[in-house]
Amino acid sequence: MKDIFPIWEVFIRSRNGLAHKHVGSLHAADATLALQAARDIYTRRGEGLSIWVVPSSAITASDPADKDMMFEPTASKIYRHPTFYEVPDEVGHM
Amino acid sequence: MAKTLRVNETPLVLYCLRRADDALILGHRLSEWCGHAPMMEEDMALANMALDLIGQARSLYTYAGQVEGEGHTEDDFAYWRDERGYRNALLVEQENDDFARTIMRQFLYASFADLYWQAMVKSKDETLAAVAAKSEKEMAYHVRHTAEWVIRLGDGTDESHERIAKALEYCWPFTGELFEADESEKGLVAEGIAADLSSLRDQWRTNVKAVLDEATLTMPQDGWMQKGGRSGRHSEYLGHLLTELQHVQHTVPGAVW
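So, here's what we can say about the structure. (Residues numbered from 1 in each chain as written. Chains lettered and ligands numbered in written order. Predicted model: local features only at pLDDT ≥ 70, side-chain atom pairs only at ≥ 80, totals over all residues. Heavy atoms only, no water.)

This part takes up the overall build of chain A. From N to C terminus, chain A includes two helices and three strands. Starting at the N terminus and walking to the C terminus, you meet the elements of chain A as β-β-α-β-α. The principal-axis extents of the C-alpha atoms in chain A amount to approximately 60 × 35 × 15 Å. With 94 residues in all, chain A has 23% of them scored as buried. A fraction of 43% describes how many contacts in chain A between residues 6 or more apart in sequence connect residues 24 or more apart. Element-wise, carbon and sulfur atoms account for 57% of the exposed surface of chain A, whose accessible area totals about 7300 Å². A distance of 9 Å separates the average location of the 10 positive side-chain charges in chain A from that of its 12 negative side-chain charges. (Helix = DSSP H or I, 4+ residues; strand = E, 2+ residues; numbered from the N terminus. Buried < 20%, exposed > 50% of the residue type's maximum accessible area, 1.4 Å probe, protein only. Contact = heavy atoms within 4.5 Å. Areas by Shrake-Rupley, 256 points an atom, 1.4 Å probe, with all protein chains shown as cover. Lys, Arg positive; Asp, Glu negative; His and termini not counted. Charge placed at Lys NZ, Arg CZ, Asp CG, Glu CD.)

Now the structure itself:
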């Protein structure tokens, strides 16, 4: 089956969640069956209100080998984090 | 070996047992696939459908016990009636055979049960109406899932077409019994408790035909139909199924998890 059925990535929006989150993958012949399989595998315990399935082949991923080049430069730029502002007391919780 | 349960089959008790037995036996059949389905994803799908049906059976057995008033529990009905005491339609006890047979059996039953439970939502019996409201959604999904497979197998390869066509031919003579109602049931229909099964048949045919057409399958003619399950006359397969289903309770009566 794994040889003839493509892989799909599954995204679920939970009851309280605003966005769909990646939960895993599965094999299915086509989009309709992938959606049903996702329902059967990933929403058995009331996890979801909405499901997306996306062919894995449609995802372009960064190369783990490029990790240093891609992500390390940000480590030294702490000023990008919004933690240097003084919030006046009157503003309260933001 | 302990007791075989003697049930006081008043019309409403018998009515509940017939529906409960359909659900339990079909649920058990589906559970036989657990760990054996052609792919993991479908293994889960079949087990999910099995659990829907076993849940329906539990509610209905519990209610049958309340109506009967003899203190019988859901387990008593499931484990301590023999083959002749079971009231399920013959379709649901038929063996799984291959995946195509399992899917076709489920499709034909669910197409019936979906319409049936939709009609039962309006039952004057509050408990049955509540079971119906829950079951109708479950069966609607069984129809959707199995219909997608019927279409793909029918309109798939030569081999898948041949297998699903053979499954259709095998299952068809068992479909008539789903719409049968005896005198005890007709009384409940008159009281507004039970749905009139014969009134569902045209819609069932229309729904089934639409899927078969898309699957490039030919709807069989209604010829001679098998029956007997509703009064305890079963095919050779039910006894073997019950032997397995009841084995633990018959070996260690009262065993619990």
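Another aspect to go through is the nonpolar core. All names here are of chain B. Ranked by size, the top nonpolar core spans 93 residues in total, and within it Met-104, Tyr-109, Phe-112 and Val-150 carry the most contacts. Considering each element in turn, this core owes the most residues, 14 residues, to helix H5 (residues 99-120). Ignoring any residue separated from it by four or fewer positions in sequence, one finds Tyr-109 in contact with Asp-22, Leu-26, Leu-53, Leu-91, Val-92, Met-139 and Leu-178. (Core = buried A, V, L, I, M, F, W, Y, C linked by side-chain atoms within 4.5 Å.)

Turning to the packing of aromatic side chains, a few remarks are in order. Residues and elements named next belong to chain B. Under the definition given, this model contains 10 aromatic pairs over all chains. When the ring of Trp-33 is compared with that of Phe-99, the centres are 6.2 Å apart and the planes differ by 85°; the resulting orientation is edge-to-face. Taken as a pair, Trp-33 in the loop between helix H1 (11-31) and helix H2 (40-68) and Phe-99 in helix H5 lie far apart in primary sequence, 66 residues in all. Its relative accessible area of 11% is what places Trp-33 among the buried residues. Note on Phe-99: relative accessible area 12%, which makes it buried. (Phe/Tyr/Trp six-rings, centres within 6.5 Å; stacked < 30°, edge-to-face > 60°.)

Turning our attention to the side chain of His-142 of chain B. Residues and elements named next belong to chain B. Looking at where His-142 falls in the secondary structure, it is placed in helix H6 (residues 126-154). By relative accessible area, which is 0% here, His-142 ends up buried. Sequence-distant contacts of His-142, defined by excluding residues within four places in its chain, comprise Met-49, Asp-52, Leu-53, Gln-106 and Ala-110.

So, on to the interface of chain B and chain A. Residue-level contacts link 13 residues of chain B with 13 residues of chain A. Both sides of the chain B and chain A interface together cover about 1300 Å² of buried area, and 58% of this is carbon and sulfur. Summed over the shared surface of chain B and chain A, the result is one salt bridge. In this structure, Arg-152 of chain B and Asp-30 of chain A form a salt bridge, with 2.6 Å as the shortest nitrogen-oxygen distance. Applying the counting criterion to the chain B and chain A interface returns six residue pairs in polar contact (both at pLDDT 80 or more). Looking at the side of chain B that touches chain A, the element that brings in the most residues is H6 of chain B, giving six residues. Among the residues forming the side of chain B that touches chain A, the class breakdown is seven nonpolar, two polar and four charged. (Buried area = accessible area lost by both parts, 1.4 Å probe. Salt bridge = Lys/Arg side-chain N within 4 Å of Asp/Glu carboxyl O. Polar contact = N/O pair within 3.5 Å; in protein donor to acceptor, adjacent residues only side chain to side chain. Nonpolar A, V, L, I, M, F, W, Y, C, P; charged D, E, K, R; others polar.)

Once that is clear, we can look at the layout of surface pockets. Residue and element names in this part refer to chain B. Considered as a void within the structure, the largest pocket measures approximately 690 Å³ in volume. Lining the largest pocket we find 18 residues, and of these Asp-75, Tyr-79, Leu-245, Gln-249 and Trp-257 sit closest to its centre. For the lining of the largest pocket, the secondary-structure elements that each account for two or more residues are H1, H2, helix H3 (74-79) and helix H10 (236-251). (1 Å grid on protein atoms, 1.4 Å probe; cavity = no way out; pocket = protein on both sides within 12 Å on 5 of 7 lines; lining within 4 Å. Points joined across faces, edges and corners; volume = space filled by probe spheres on them.)

Residues and elements named next belong to chain B. Relative to the helices and strands, Asp-155 is located in the loop between H6 and helix H7 (158-171). Sequence spacing of Asp-155 and Met-40 is 115 residues, and the spatial spacing of their C-alpha atoms is 23 Å. Apart from residues lying up to four places away in sequence, Asp-155 is in contact with Glu-214, Ala-215 and Thr-216.

So, on to the packing of helix H1 (residues 31-42) of chain A against H6 of chain B. For the pair H1 of chain A and H6 of chain B, interaxial distance at closest approach is 11 Å and the crossing angle is 140°. In terms of their interaxial angle, H1 of chain A and H6 of chain B are classed as oblique. Viewed along their axes, H1 of chain A and H6 of chain B form a crossing whose handedness is left-handed. Residues Thr-32, Leu-33, Gln-36, Arg-39 and Asp-40 of chain A of H1 of chain A pack against Tyr-141, Arg-144, His-145, Glu-148, Trp-149 and Arg-152 of chain B of H6 of chain B. (Axes fitted to C-alpha atoms, helices over the stretch in contact; angles between N-to-C directions. Parallel < 35°, antiparallel > 145°, perpendicular 65-115°, else oblique. Left-handed = near helix turned anticlockwise from the far one by under 90°.)

Residue and element names in this part refer to chain B. Following both chains from N to C, one finds H1 and H5 inclined at 150°, their axes separated by 12 Å at the closest point. Classified by the interaxial angle, the pair formed by H1 and H5 is roughly antiparallel. Pair H1 / H5 crosses with left-handed handedness. Contacts between H1 and H5 involve Tyr-15, Arg-19, Asp-22, Leu-26, Arg-29 and Leu-30 from the former and Thr-102, Arg-105, Gln-106, Tyr-109, Tyr-116, Trp-117 and Met-120 from the latter. Of the residues contributing to the contact of H1 with H5, the split by class is seven nonpolar, two polar and four charged.

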